[in-house]
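Residue strings, one per chain:
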Amino acid sequence: MKKNLILITTGGSGGHVFPAQAVATCLKKEGYELAFVTDNRGKKRIKGILASIPNYSVCASSVSGRGLLGKIIALSKLGIGTFQAIRLLLKIKPKLVVGFGGYASIPSVLAAQFLHIPVVLHEQNAILGKANRLLARKAKLIATSFTPTGQLPAFVKTVQTGMPVRPEIIEKKETPYPTDTTEFHLLIIGGSQGARAFSDILPKAIVALSPELKGKLVLTQQVRAEDMNRVEEEYRNSGIKNIQLAPFFDNIPNLLANAHLVISRSGASSLAEFSMVGRPALLMPLPTAADNHQTANARIWTAGGAGWLIIEKNTTVENITSRLTDLMENQNLLQRAAFCAKNSNPKTSADEALAKEIIKILKDCK
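Every chain's residues receive numbers from 1 upward, in the order its sequence appears when written. Given that the model is predicted, a residue must reach a pLDDT of at least 70 before its local features are reported, and side-chain atom pairs must reach 80 or more before they are shown or counted; all residues, however, enter totals for whole chains, interfaces and linings. With hydrogens and water excluded, all non-hydrogen atoms of the structure serve as input to the side-chain values.

Draft legend 1. Summary view of the overall build of the protein. In this description a helix means any DSSP run of H or I spanning at least four residues, a strand means any run of E spanning at least two, and both kinds are numbered starting from the N terminus. Helix and strand content of the protein: 16 helices and 13 strands. Along the three orthogonal principal directions, the C-alpha set of the protein runs to about 65 × 45 × 35 Å. Here the protein, with 366 residues, has 54% of them falling under the buried criterion. Across the protein, contacts joining residues at least 24 apart in sequence account for 66% of those joining residues at least 6 apart. Total accessible area computed for the protein in this model is approximately 16300 Å², and 52% of it derives from carbon and sulfur atoms. Distance between charge centres in the protein, computed from 45 positive and 27 negative side chains, equals 11 Å. Relative accessibility under 20% of the residue-type maximum defines a buried residue, over 50% an exposed one, and the middle range a partly exposed one, all with a 1.4 Å probe and only protein chains included. The contact criterion used throughout is that any non-hydrogen atoms of two residues lie within 4.5 Å. Residue burial considers only the protein chains on display, and all accessible areas are found by Shrake-Rupley using a 1.4 Å probe. We treat Lys and Arg as the positive residues and Asp and Glu as the negative residues; His and chain ends play no part in the count. Positions of charges follow a simple convention, taking NZ of Lys, CZ of Arg, CG of Asp or CD of Glu.

The following block contains the structure:
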């Protein structure tokens, strides 16, 4: 039995895994033993500190967006995963469990609550996610990224720690906003769920830019593998000499540091990274996000002047081209938004802030 073992559990997307990675780094520095639990999807994203600690997977599945049979199957998997997690927790005996949201975190947090092990939850988004909503009632603390955060239970202690950011991004936080006007670096990223709308609309809008603007454009765009051929065809003979297209980029920290503008979905992890480095963003929230939380994230973030919100159903090629033209021709607008992005989140050490709250709960429960 490890005296100070803390179990970290997350859903499988980068938006859940990355903040867990950041907090795990802080807790490890403080001398705590750690273990990590996710599902098979999350295990594919394990690297860094999470790869160096004992990690486990349990059975899990999302209930949302499924028919009756699908919901029954998903609930059965969550039930199996919870029994697996109970057996695991009885074996490794953690003193505290930290959940970072996502359906794959449900079994381990439920198991902890069943075994009366203290639980801390972190909520990335501006609306409490469905997994955390289910688990909130017995949590010792819910740490939030945004103020306000919707649907928080009134009877549970909450604190705003901000959104922990992975160490590779923190290393770029002092990179100044690029002032070179001979090139314009545009970074387009769609998030782990992909963005078919980006493949449908953005290439046409970018190709419609003036020859002068296209001549200095350095374009890096994340494209779903199934969309790659048609997106490549859209850009063929476009006059843009520097184009990089890929389903996934390993060097996002460097790409973000070089970017004049980012076009992205508005997951909380992405916004925290833009804020950390100080890069303006044109945000198109994922319309199918649960409780429309990405739009809530984007409204809070852009209200401070850090970027611009566009609603997918109202978006046309013409208005994207017009917006890009305006921004590329007015560097002052981008520099002002970059300054606002850099100052949009006062919790620049969110990983340390959350780690301190976790340690405080752990000590209080002894």
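Moving on from the model shown.
Draft legend 2. Here's a closer look at the pairing of strand S11 (residues 261–264). The two faces of S11 match: Leu-261 and Ile-263 on one face and Val-262 and Ser-264 on the other face are all buried. A pair of strands is labelled paired if DSSP reports no fewer than 2 bridges between them. Sheet analysis places strand S8 (residues 184–189) next to S11, joined by four bridges and oriented parallel. Opposite Leu-186, over in S11, you have Leu-261 as the bridge partner. Both S11 and strand S12 (residues 281–283) contribute to a ladder of three bridges, which runs parallel. Paired with Ile-263 across the two strands is Leu-282, which belongs to S12. Note on handedness: a clockwise path from strand one over the helix to strand two, with the strands aimed away from the viewer, defines a right-handed crossover. The β-α-β motif built from S11, the intervening helix H12 (residues 268–277) and the parallel element S12 has right-handed crossover chirality.

Draft legend 3. Focus on the environment of Ala-341. Within the secondary structure, Ala-341 sits in helix H15 (residues 331–342). We classify Ala-341 as buried; its relative accessible area is 0%. C-alpha of Ala-341 to C-alpha of Gly-304: the two residues are 37 residues apart in sequence and 7.9 Å apart in space. Excluding residues within four positions of it along the chain, Ala-341 makes contact with Phe-274, Ser-275, Gly-278, Arg-279, Trp-301 and Ala-306.

Draft legend 4. Structural detail: the packing of aromatic side chains. Two rings from Phe, Tyr or Trp (for Trp, the six-membered ring) form a pair when their centres are within 6.5 Å of each other. A pair whose planes differ by under 30 degrees is stacked, one over 60 is edge-to-face, and the rest are tilted. This structure, assessed with the given rule, holds one aromatic pair. Here the aromatic rings of Phe-274 and Trp-301 are separated by 6.2 Å at their centres, their planes lie at 65°, and the arrangement is edge-to-face. Taken as a pair, Phe-274 in helix H12 and Trp-301 in helix H13 (residues 293–303) lie far apart in primary sequence, 27 residues in all. Residue Phe-274 is classed as buried on the basis of its relative accessible area of 1%. For a Lys NZ or an Arg CZ to count as sitting over a ring, it must be within 6 Å of the ring centre and within 35 degrees of the ring normal. Positioned over the ring face of Phe-18 is Arg-166, at 4.0 Å from the centre of the ring.

Draft legend 5. Spotlight on the pattern of salt bridges. When a carboxyl oxygen of Asp or Glu lies within 4 Å of a side-chain nitrogen of Lys or Arg, that pair is called a salt bridge. For the coordinates displayed, the defined rule picks out nine salt bridges. Notably, a salt bridge pairs Asp-200 with Arg-230, separated by 2.6 Å at the nearest N-O pair. Within this pair, whereas Asp-200 is found in helix H8 (residues 196–207), its partner Arg-230 is found in helix H10 (residues 228–235), the two being separated by 30 residues in sequence. The network of salt bridges with common partners includes Asp-200, Arg-224, Glu-226, Asp-227 and Arg-230.

Draft legend 6. Region of interest: the side chain of Ser-108. Locating Ser-108 in the fold gives a position in helix H5 (residues 106–114). Among all residues touching Ser-108, those that are not within four sequence positions of it are Leu-7, Thr-9, Val-37, Ala-85, Leu-89 and Val-97.

Draft legend 7. Region of the structure containing H12. Among the ten residues of H12, nine are classified as buried, and the element is accordingly described as predominantly covered. Turning to H12, its buried residues are Ala-268, Ser-269, Leu-271, Ala-272, Glu-273, Phe-274, Ser-275, Met-276 and Val-277. Just downstream of H12, Gly-278 is the residue with a positive phi angle, here 80°.

Draft legend 8. Structural view of the sheet that holds strand S3 (residues 55–57). Taking strand neighbours across the sheet as the criterion, the seven strands line up as S3-S2-S1-S4-S5-S6-S7 in an open arrangement whose pairing is parallel. Two strands bound the open sheet, and with one partner strand each, they are S3 and strand S7 (158–160). Here the average twist between neighbouring strands, direction ignored, is 20°. Pairing of strand S6 (residues 141–144) with S7 involves three bridges; the strand directions are parallel. Note that in S7 the partner of Thr-144 across the bridge is Gln-160. The convention used is that axes are lines fitted to C-alpha atoms, helices contributing only their stretch in contact, and that angles between N-to-C directions extend from 0 to 180 degrees. Against the sheet, helix H4 (residues 68–92) makes contact with strand S1 (5–9), strand S2 (33–38), S3 and strand S4 (96–99), and its axis sits at roughly 160° relative to S1, the strand it touches most.

Draft legend 9. Quick peek at the pairing of S4. Side chains of S4 alternate between two faces, with Leu-96 and Val-98 and Val-97 and Gly-99 buried alike. Relative to strand S5 (residues 119–123), S4 runs parallel, the two sharing three bridges. Within S5, the position partnered with Gly-99 by the bridge is Leu-121. In this region the chain leaves S4, passes through H5 and returns to the parallel neighbour S5; the handedness of that crossover is right-handed.

Draft legend 10. Structural view of helix H1 (residues 14–29). What a helix should span is 1.5 Å times the count of its residues minus one. A rise of 1.5 Å per residue sets the reference length of H1, with its 16 residues, at 22 Å; its end C-alpha atoms lie 22 Å apart and thus fit the reference within 8%. Burial of H1 is extensive: twelve of the 16 residues sit out of reach of the surface. Among the residues making up H1, those that are buried are Gly-14, His-16, Val-17, Phe-18, Pro-19, Ala-20, Gln-21, Ala-22, Val-23, Ala-24, Cys-26 and Leu-27. Looking at the packing, one finds that the buried side of H1 touches S1, S2, helix H3 (49–52), helix H7 (167–170), H12 and helix H16 (350–364). Phi turns positive, to about 95°, at Gly-31, one or two residues after H1.

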